[in-house]
Amino acid sequence: MYKFGNLIDGQWTDGAAAEFNTVNPARPSSVVGNYSAASPGQIAEAVGVAVKAQRSWRAKPATDRVAAFEAFLKLLELASDDLARSITLEQGKPLAEAKGEVAKSIAEARFMAGEALRGHSAVMPSARSGIRNMVIRRPRGVIAAITPWNFPILTPLRKLAPAIVFGNAVIMKPSEYSPSTTALMADIGRKALPSGVLQVVNGRGETGSALVGSAGIAGVTFTGSVATGKSIYAMAAENLAEISLELGGKNAAVINDSNDLESCLNQITAAACMCAGQRCTAISRIIAHRSLYDAVVEGLARRCRSMVLGDGMEPTTTMGPLVNARQLARVAAMVDKGVGEGARVVTGGSIARISGLEDGYFYAPTVLADVTASMSIAR
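Residues numbered from 1 in each chain as written. Predicted model: local features only at pLDDT ≥ 70, side-chain atom pairs only at ≥ 80, totals over all residues. Heavy atoms only, no water.

Enquirer: I'm lost on the overall build of the protein chain in this one. Help?
Expert: Helices and strands together make up the secondary structure of the protein chain, namely eleven helices and 14 strands. The C-alpha atoms of the protein chain give 23 Å as radius of gyration, which agrees with the globular expectation for 379 residues (21 Å, within 12%). Seen through its principal axes, the protein chain has C-alpha atoms that stretch 70 × 60 × 40 Å. If you take every contact in the protein chain between residues at least 6 apart in sequence, the share linking residues at least 24 apart comes to 73%. Working note: accessible area of the protein chain is about 18,100 Å², and carbon and sulfur atoms make up 53% of it. (Helix = DSSP H or I, 4+ residues; strand = E, 2+ residues; numbered from the N terminus. Rg over C-alpha atoms; globule rule 2.2 N^0.38 Å. Contact = heavy atoms within 4.5 Å. Areas by Shrake-Rupley, 256 points an atom, 1.4 Å probe, with all protein chains shown as cover.)

Structure, rendered in structure tokens:
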């Protein structure tokens, strides 16, 4: 079982706030991790440590920062299997999908690290004799990174990689549903990065609020819901902190024509059903030309029926559970509302009961047809 407190100034410290557990969403009775949340005082301590660490970190040449970060990435590669396993156990996605996430995350981060060694600013010619123009880019300071549960390593690395290589310090607050991957990653980071450059505080919404509202935070990056994004926007404004928000989406694929409809539907199904559809970039609606409509509906339904729901640790599983009971209820309610408004269930449309995993948070892969643009399910 994973057991972590908070990483502050290079040391794991038990949280002074409440403890909480994580569970395997395929087997909710199975506790996976135990964590202790940071108190407001501990968050203030972490911010103070980050401010001091960032002053030294930003003074280092970019080549040194990149070298340290690349050493960190090499250590993550060596721990790929452990990181993937932590993703599957707490988030639920199939292990093969989790391994793909780890590999993609490290590859992206390696490219981002290289950006710190490349030029990014065009300098305008001077309009005054004896005067030369320059562009100097400065790190922002301490960045608060609040990450979601659906991509426990991809989203955190997308936030911390550019921040750290460009000379900032980062304090991460992972989702309380899947914090083990961030904790493992930060623990590995202690071997390559200076103390205080990467810290972790655990907890629920109140922890994130305390972090975002701290006076020493110069920037906030958040991925999650629109409602929480609005709240973070307001809190960050109190300290004039810069913000980056990646919020919800409702993404359509338009099929107007195709010389290979089977390949097209393979791509759409993968884009829709990876992570059990729990992605802000997931394809959730299909707009098809009338001449292709029936073939598209049938082809998508056939692919959904072939999916194998189960525990992500089982090699035969191709789709895992939803992350928690609230998410399961939310998805069920959305489908029920769509059907009530006139949508037709082609396949799925109900909570799935898997033998041996009867309490798991599974929802059958679902295709709804005869959907109009006014229906809530399409919006």
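Enquirer: Looking at this model, I keep getting lost on the nonpolar core. Mind explaining?
Expert: Here is a general trend for soluble globular proteins: nonpolar side chains tend to be buried in one another's company. Counting residues in each nonpolar core, the largest one holds 47 residues, and the members touching the most others are Phe69, Phe72, Leu76, Leu157, Leu160, Ile164 and Val170. If we ignore the near neighbours within four places in the chain, the residues touching phenylalanine 72 are Leu157, Leu160, Met185, Ile188, Gly189, Ala192 and Leu193. Ile255, Cys273, Val335 and Phe362 belong to the second-largest nonpolar core, a separate cluster that totals 30 residues. (Core = buried A, V, L, I, M, F, W, Y, C linked by side-chain atoms within 4.5 Å. Buried < 20%, exposed > 50% of the residue type's maximum accessible area, 1.4 Å probe, protein only.)

Enquirer: Can you walk me through the sheet that holds strand E1 (residues 2-4) in this structure?
Expert: In a beta sheet, neighbouring strands pair by backbone hydrogen bonds and run either parallel or antiparallel. Spatially, three strands are ordered E1-E5-E4 in an open sheet, and the strand pairing comes out mixed. This sheet does not close on itself; its edge strands, each paired only once, are E1 and strand E4 (19-24). The mean angle between the axes of side-by-side strands here comes to 30 degrees, regardless of whether they run parallel or antiparallel. In the sheet, E4 pairs with strand E5 (residues 27-36) via six bridges, with the strands oriented antiparallel. Note on E5: the bridge partner recorded for asparagine 24 is arginine 27. Against the sheet, helix H3 (residues 80-91) touches E1, E4 and E5, its axis set at about 95 degrees to E1. (Pairing = 2+ DSSP bridges. Axes fitted to C-alpha atoms, helices over the stretch in contact; angles between N-to-C directions.)

Enquirer: Can you walk me through the layout of surface pockets in this structure?
Expert: Unoccupied space between atoms shows up once a probe the size of one water molecule is rolled over them. Taken as a whole, the second largest pocket holds about 500 Å³ of empty space. As for the second largest pocket, its lining consists of 22 residues, and the residues nearest its centre are Arg140, Ile143, Pro162, Ala163 and Asn168. When contributions to the lining of the second largest pocket are tallied by element, the ones reaching two or more residues are helix H5 (154-165), strand E9 (219-223) and strand E10 (242-246). In terms of residues, the lining of the second largest pocket owes the most to one element, E9, which gives five residues. (1 Å grid on protein atoms, 1.4 Å probe; cavity = no way out; pocket = protein on both sides within 12 Å on 5 of 7 lines; lining within 4 Å. Points joined across faces, edges and corners; volume = space filled by probe spheres on them.)

Enquirer: Explain helix H9 (residues 261-273) here, please?
Expert: Given 3.6 residues per helical turn, the α-helix brings residues three or four places apart onto the same face. Under the 1.5 Å per step criterion, the end-to-end length of H9 is 18 Å for 13 residues, consistent within 8% with the ideal 18 Å. Among all positions of H9, only Leu261, Leu265, Ile268, Thr269, Ala272 and Cys273 are buried. Buried residues of H9, viewed axially, fall in a sector of 110 degrees; they line one side. Elements in contact with the buried residues of H9: strand E11 (251-255), strand E12 (283-288) and helix H10 (293-305). Backbone geometry just downstream of H9 places cysteine 275 in the positive-phi region, at approximately 60 degrees. (Expected span 1.5 Å × (residues − 1). Arc of directions from axis to C-beta.)

Enquirer: Got a minute to help me understand the pairing of E5 in this structure?
Expert: Side-chain positions along a regular strand alternate between the two faces of the sheet. Where E1 and E5 come together, three bridges link them in parallel fashion. Within E5, the residue paired with tyrosine 2 across the bridge is glycine 33. Taking the residues that link successive antiparallel strands as the turn, the E4-E5 hairpin has two residues.

Enquirer: Got a minute to help me understand the packing of aromatic side chains in this structure?
Expert: Each aromatic ring pair is characterised by the separation of its centres together with the angle its planes make. Enumeration according to the criterion identifies four aromatic pairs in this entry. Residues phenylalanine 4 and tyrosine 35 carry aromatic rings whose centres are separated by 6.5 Å and whose planes lie at 20 degrees to one another, so their mutual orientation is stacked. Taken together, the residues span a long stretch of sequence, with phenylalanine 4 in strand E1 and tyrosine 35 in strand E5 at a distance of 31 residues. Per residue, the accessibility class of phenylalanine 4 equals that of tyrosine 35, and both read buried. With 5.5 Å between their ring centres and 20 degrees between their planes, phenylalanine 20 and tyrosine 35 make a pair best called stacked. Of this pair, phenylalanine 20 sits in strand E4 while tyrosine 35 sits in strand E5, and the two are 15 residues apart along the sequence. One exposure class covers both phenylalanine 20 and tyrosine 35, and it is buried. Through a chain of ring-to-ring contacts, the aromatic side chains of Phe4, Trp12, Phe20 and Tyr35 assemble into a single cluster. (Phe/Tyr/Trp six-rings, centres within 6.5 Å; stacked < 30°, edge-to-face > 60°.)

Enquirer: I keep staring at the side chain of glutamine 327 and nothing clicks. Help me out?
Expert: With respect to the helices and strands, the residue glutamine 327 is situated in helix H11 (residues 325-340). When sequence neighbours within four positions are dropped, the list of residues in contact with glutamine 327 reads Trp149, Gln278 and Leu322.

Enquirer: I tried to follow the environment of valine 212 on my own but got confused; where do I start?
Expert: Tracing the chain through its elements places valine 212 in helix H7 (residues 205-212). Relative accessible area serves as the criterion here: at 1%, valine 212 is assigned to the buried category. Separated by 14 residues in the primary sequence, valine 212 and valine 226 place their C-alpha atoms 16 Å from one another. Here valine 212 is in contact with Ile146, Ile217, Val220, Ile232, Met235, Ala236 and Asn239, once residues within four sequence places are set aside.

Enquirer: Explain the pairing of E12 here, please?
Expert: Relative to E12, E11 runs parallel, the two being bridged by five bridges. Residue pairing for E12: alanine 253 is matched across the bridge by isoleucine 286.

Enquirer: Explanation requested: the packing of helix H2 (residues 62-78) against helix H4 (residues 95-115) in the structure shown.
Expert: Helix packing geometry: the angle between the two helix axes and the distance between the axes. Two numbers describe how H2 lies on H4: the axes approach to 10 Å, and their chain directions differ by 170 degrees. As judged from the angle between their axes, H2 and H4 are roughly antiparallel. Where H2 abuts H4, its residues Val66, Phe69, Leu73, Lys74, Leu76 and Glu77 lie against Ile106, Ala109, Arg110 and Ala113. (Parallel < 35°, antiparallel > 145°, perpendicular 65-115°, else oblique.)

Enquirer: Explanation requested: the state of the cysteines in the structure shown.
Expert: Put plainly, a disulfide is one covalent bond tying together the sulfur atoms of two cysteines. The full count for this structure, using the stated rule, is zero disulfides. The structure places no disulfide on cysteine 275, whose sulfur is separated from the nearest cysteine sulfur, that of cysteine 280, by 10 Å. (Disulfide = S-S within 2.5 Å.)

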